[in-house]
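What follows is each chain in one-letter form.
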Amino acid sequence: MTPPRSLLPLLALVLGPWSSTLAHPFTDMGAGLIEPEFPCAEWADFDSDGDLDLLVSGDVAGSVTTLLYTNTAGTFAESGIAFPGLGSASAAWGDYDNDGDLDLAMIGLDAGGNANTRLYRNDGGAAFTPVAQAPFTHVSAGDLAWGDYDNDGDLDLIVTGITEPGGFSTTTLYQNDAGAFFAVGGMPFPNVHSSAVAWGDLDNDGKLDLVITGTSSGTNSIEGGIFRNEGGVFSAVGGAFIPVTTGFAEWGDYDSDGDLDLLSGGTPTAAVRLTRVYENNLGVLTDSGAAVPDLFLSAAGWGDTDNDGDLDIMLSGQGAGARLSRLYRNDGGGSFVDSMETFPDVLLGAVAWADADNDGDADFVLAGQEVGPQDFLEVFENDTTTANLAPAAPGNLAGSVEGMNVLLSWDAGSDGQTPVAGLTYNIRVGTSPGGCEIVSPQSSATGARFLPAPGNAGSNRFASVVNLVPGTYYWTVQTVDSAWLGSAFAAEGSFTVVAAVPEVVSIDLEHGDMLRVTWRGSAYATYRVDESPSLGPLSWTYRVHATADGDGLFDIVEDLGTAPDRNFYRAARP
């Protein structure tokens, strides 16, 4: 989330200088990256080479700039890929077209001060192609996130922000239908900017729920909430969550009990600071009472800094009279302890964890505005000596087909650091062995993760994929630990979806001479329709293939004025 420019006038603060000598175990990598105002920083292995690369965007010396840095064993270099610059930007990586590499969605202000919502398709070989999508509303100063809310295997996109010109806030869910996006109407979400949004399965029912929070331009009020996904229909749920603006909202299972907790902070009302760790108790969020400082103009992220299997917190923002950046160690039992590490104290910034140097521990990028104001961005290397080993793959894979849907299940994986309940799982489903045409794992074939994130199935040991077409599918699953290290994939399994035998629903005469024959089969399945002048076994000839709609219905229409005096029709699975 990046705040709008209207938040720039701030009280002058007097802080001591930052010492470049950091206490063990973090050191400044000296990455030599740009240091933008209103920074956006997002990790992703866009070139699938096993190193997590870094996208940085913001205002540099009055010029909006977007740079993608390649990472080679912890050394960063500009990729040379030309992205138009965006300020007040946010970005989200995800494989929206299920081709095995990461695509990019961004929002922000261009050099002319106009809001933009952009989608770039990763075509491999350092080639990104802008994708023209008419439904996208152009916004900035917001947030966006990929997530498969309808369980059809492809990533949908939620976008929040403010239009410019125009100046009204908006929240839109875009449904992905085989790479084409459509705005979904009738959602109960607040229209917000200066916002944060994140997908997460709050109640472990296999459907992604949503947290949204920010400022509404219509009422100039701070709005938000937790929205439960009930099969594509969302409803607001109660609990202790307090909406904030100009802050953050990050899901993470800090107590390793198998359900997602929430880290959130920002401004709940004017001139008030707030940071909360919410504990998930059977799908209801309660205030954990964690002793972390209240901040605003803030950023934060979960990361297992000490490889002990639980999530720690990196936090930055404006505190009581001073800005600060602090790392809080999770000591279990809901206790978060100041690590006493010293970092540049920043606000209006970004925090993003990743194993930047592939040495088995979580590093992070910290960006924001120091006193001066002076813009700052650096990658901090984790020098812990505690090793993190890859988890073991799940076993006992099974697929249960019902109609055009499948329920996949597996036994738990294991890990030497992360408790079993704290592990997550990541599925891959394709139409060919090793393929990801249906569900992309956003991992390599060896299990290396392309994103520093939990698996796409969360902590569940099951996953549903719906609205499949008839055919044979190949699938597998990997274990992901608290440091986002993935196991090898389990031995691949397969399942077959067979269309239902079609049945005649109706035969109707329309407009006096038009005959409509309607069948019901399986949703989205393709059927063969034959015709014959008699019921003889050798007289049938092919007429057409018809694809059923979402209710399984398909039909043919015959003009009786030109048709034979007598004709018979039948439908069958091809």
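Conventions adopted
- Numbers given to residues run from 1 along each chain, matching the order in which its sequence is written.
- Reporting of local features is limited, given that this is a predicted model, to residues whose pLDDT is at least 70; pairs of side-chain atoms are given and counted only at 80 or more, and all residues count toward the totals for whole chains, interfaces and linings.
- For side-chain calculations, the full set of non-hydrogen atoms in the structure is used, while hydrogens and water are omitted.
- Two strands form a pair only when DSSP identifies at least two bridges running between them.
- A helix here means a DSSP run of H or I that spans at least four residues, while a strand means a run of E at least two residues long, and both kinds are numbered starting from the N terminus.
- In this analysis an axis means a line fitted to C-alpha atoms, helices contributing only their contacting stretch, and an angle means the value between N-to-C directions, from 0 to 180 degrees.
- In this description, a nonpolar core means a group of buried Ala, Val, Leu, Ile, Met, Phe, Trp, Tyr and Cys residues linked to one another through side-chain atoms lying within 4.5 Å.
- The buried label applies to any residue whose accessible area, calculated with a 1.4 Å probe on protein chains only, is under 20% of its type's maximum; exposed applies above 50%, and partly exposed to all values in between.
- The contact definition used throughout considers only heavy atoms, calling two residues in contact when any of these lie within 4.5 Å.
- What qualifies as a polar contact is a pair of N or O atoms within 3.5 Å, subject to a donor-acceptor requirement within protein and to the restriction that residues adjacent in sequence count only when both atoms come from side chains.
- In this entry, domain limits derive from an automatic or database-based domain assignment.
- Joining two parts hides part of their accessible area as seen by a 1.4 Å probe, and the buried area is that hidden amount summed over both.
- A pairing counts as a salt bridge when a side-chain nitrogen of Lys or Arg comes within 4 Å of a carboxyl oxygen of Asp or Glu.
- For Phe, Tyr and Trp, rings pair up if their centres lie within 6.5 Å, where Trp contributes its six-membered ring, and each pair is then called stacked (planes under 30 degrees apart), edge-to-face (over 60) or tilted (otherwise).

Asker: What's the story with the sheet that holds strand E12 (residues 169-177) in this structure? I'm lost.
Answerer: Two strands in a sheet stick together by hydrogen bonds in their backbones, pointing the same way (parallel) or opposite ways (antiparallel). A sheet is described by the order of its strands in space; here 4 strands give the open sequence E10-E11-E12-E13, paired in antiparallel fashion. Since the sheet does not close on itself, it has two edges, and those belong to strand E10 (140-147) and strand E13 (180-184), each with one partner. Each adjacent strand pair in this sheet contributes to an overall mean axis angle of 25°, direction not counted. Relative to E13, E12 runs antiparallel, the two being bridged by 5 bridges. When the bridges of E13 are listed, Gln 175 appears paired with Phe 182.

Asker: What should I look at first to understand the nonpolar core in this one?
Answerer: What tends to happen in soluble globular proteins is that the nonpolar side chains get buried as a cluster. In this structure, Trp 410, Val 429 and Phe 495 are the most contacted members of the largest nonpolar core, which totals 33 residues. Ignoring any residue separated from it by four or fewer positions in sequence, one finds Phe 495 in contact with Val 401, Val 406, Leu 408, Val 429, Leu 468, Gly 471, Thr 472, Tyr 473 and Trp 475. Judged by nonpolar contacts, the second largest core, of 20 residues, contains Ala 31, Leu 33, Trp 43 and Ala 356.

Asker: Just checking my understanding: could you explain the side chain of Asp 209 for this structure?
Answerer: Tracing the sequence through the fold places Asp 209 in strand E15 (residues 209-216). In terms of polar contacts, Asp 209 uses its side chain to reach the backbone amide nitrogen of Leu 202, at 2.7 Å. In this structure Asp 209 touches Ala 198, Trp 199, Gly 200, Asp 201, Leu 202, Asp 203, Phe 227, Arg 228 and Asn 229, once residues within four positions along its chain are discounted.

Asker: Can you help me understand the sheet that holds strand E14 (residues 193-200) in this one?
Answerer: Taken in spatial order, the 4 strands make up an open sheet running E14-E15-E16-E17, and their pairing is antiparallel. A single partner strand is all that each edge strand has here, and the edge strands are E14 and strand E17 (234-237). The average undirected angle you get between the axes of adjacent strands in this sheet is 25°. Pairing geometry for E15 and strand E16 (residues 221-229), over 7 bridges, is antiparallel. By the bridge assignment for E16, Val 211 is matched with Ile 226.

Asker: Just to check I follow, could you spell out the pairing of strand E32 (residues 462-465) for this structure?
Answerer: The alternating pattern of E32 places Ala 463 and Val 465 on a buried face, while none of Phe 462 and Ser 464, on the opposite face, is buried. As defined by bridge partners, strand E30 (residues 405-409) adjoins E32 across 4 bridges and the pair is classed as antiparallel. Paired with Ser 409 across the bridge in E32 is Phe 462.

Asker: How should the domain arrangement of the protein chain be read in this particular structure?
Answerer: A common way to express how large an interface is: the accessible area buried when the components associate. Each domain of the protein chain was delimited in the assignment, giving domain 1 (93-352), domain 2 (398-497) and domain 3 (503-572). Relative to domain 3, the C-alpha centre of domain 2 lies at a distance of 40 Å. Counting residues at the interface gives 5 residues for domain 2, matched by 4 residues for domain 3. Taken over both partners, the interface formed by domain 2 and domain 3 buries close to 320 Å², and the fraction arising from carbon and sulfur atoms is 71%. Scanning the region where domain 2 abuts domain 3 turns up 0 salt bridges. Counting across the interface, domain 2 meets domain 3 through 0 residue pairs in polar contact (both at pLDDT 80 or more).

Asker: What is the right way to look at the pattern of salt bridges in this model?
Answerer: Pairing is possible between side chains that carry opposite charge, provided their charged atoms lie close to one another. This structure, assessed with the given rule, holds 14 salt bridges. For the salt bridge of Glu 531 with Arg 543, the shortest nitrogen-to-oxygen distance reads 2.9 Å. Of this pair, Glu 531 sits in strand E37 (residues 526-532) while Arg 543 sits in strand E38 (residues 541-547); the two residues are 12 residues apart in sequence, bridging distant segments of the chain. With a relative accessible area of 27%, Arg 543 lands in the partly exposed category. Residue Glu 558 pairs with Arg 543 through a salt bridge whose shortest N-O separation is 3.0 Å. With Glu 558 in strand E39 (residues 553-559) and Arg 543 in strand E38, this pair connects stretches of sequence that are 15 residues apart. What emerges from the salt-bridge pattern is a single network uniting Arg 276, Asp 287 and Asp 294.

Asker: Looking at this structure, I do not really get the packing of aromatic side chains. What am I missing?
Answerer: The relation between two aromatic rings is expressed through the spacing of the ring centres and the mutual angle of the planes. Summed over all chains, the structure comprises 33 aromatic pairs. Taking the centre distance of 5.3 Å and the plane angle of 80° together, the rings of Phe 343 and Phe 380 count as edge-to-face. Of the two residues, Phe 343 is situated in the loop between strand E25 (336-338) and strand E26 (347-354) and Phe 380 in strand E28 (residues 374-382); the sequence distance between them amounts to 37 residues. The class for Phe 343 is buried, based on a relative accessible area of 2%. With 6.0 Å between their ring centres and 55° between their planes, Trp 410 and Tyr 425 make a pair best called tilted. Of this pair, Trp 410 sits in the loop between E30 and strand E31 (424-430) while Tyr 425 is found in strand E31, placing the two residues 15 residues apart along the sequence. A relative accessible area of 0% means that Tyr 425 is categorised as buried.

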